[in-house]
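Below are the chains, spelled out letter by letter.
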Amino acid sequence: MANSKRLFGVVRRKLLRRSHSRITIIRSSSPDTTQEDIAAVKIQSFFRGHLGRRAFRALKSLVKLQAVARGVLVRRQARIALHCMHALARLQVRVRARQLLSH
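Residues numbered from 1 in each chain as written. Predicted model: local features only at pLDDT ≥ 70, side-chain atom pairs only at ≥ 80, totals over all residues. Heavy atoms only, no water.

An unreviewed UniProt entry annotates the protein chain as Protein IQ-DOMAIN 20 of Cardamine amara subsp. amara. According to its UniProt record, the protein chain has this under Sequence similarities (unreviewed entry): "Belongs to the IQD family." (UniProt positions renumbered as here; feature names shortened; annotations may be inferred.)

So this is what it looks like as structure tokens:
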């Protein structure tokens, strides 16, 4: 969970760095706020939302890729473990057969 949050932060920072706009915060409570200022704030908030969604989409694809890679590794480990178990079982059969023949 902590790794995914950190990864989301890295992806979001990289995407924000790519944007060419300078986003400023304008308080609508001040008396000299114009319609243009309010419109600018709305545009900036929509743009921030767009960047956040794009970062989240990138994060989701990274998480899916990570899950696929982990699945491949787990299946490989399971195949190796199964192979070793078969080898041990065959060895055990041989040892018991020798013990029965020697008695």
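(A) Fine view of the overall build of the protein chain. Helix and strand content of the protein chain: 2 helices and 0 strands. Each of the 103 residues in the protein chain was classed as buried or not, and the buried ones make up 10%. When contacts within the protein chain are restricted to residue pairs at least 6 apart in sequence, those whose partners lie at least 24 apart make up 73%. Surface summary for the protein chain: the accessible area is close to 9400 Å², and the carbon and sulfur share equals 62%. (Helix = DSSP H or I, 4+ residues; strand = E, 2+ residues; numbered from the N terminus. Buried < 20%, exposed > 50% of the residue type's maximum accessible area, 1.4 Å probe, protein only. Contact = heavy atoms within 4.5 Å. Areas by Shrake-Rupley, 256 points an atom, 1.4 Å probe, with all protein chains shown as cover.)

(B) Structural detail: helix α2 (residues 35-102). Over its 68 residues, α2 extends 100 Å from the first C-alpha to the last, a length consistent with the 100 Å expected when each residue adds 1.5 Å. By the burial criterion, the buried members of α2 are Q44, L51, G52, A55 and L59. (Expected span 1.5 Å × (residues − 1).)

(C) Representation of a nonpolar patch on the surface. A surface patch of nonpolar side chains, about 400 Å² in accessible area, is lined by M85, L88, L91 and V95. Mapping V95 onto the fold places it in helix α2. We classify V95 as partly exposed; its relative accessible area is 40%. (Patch = residues over 30% accessible without salt bridge, like charges linked within 9 Å, V, L, I, M, F, W, Y side chains within 5 Å. Salt bridge = Lys/Arg side-chain N within 4 Å of Asp/Glu carboxyl O.)

(D) Seen up close, a positive patch on the surface. A surface patch of positive charge is lined by R53, R54, R57, K60 and K64. With respect to the helices and strands, the residue R53 is situated in helix α2. (Lys, Arg positive; Asp, Glu negative; His and termini not counted. Charge placed at Lys NZ, Arg CZ, Asp CG, Glu CD.)

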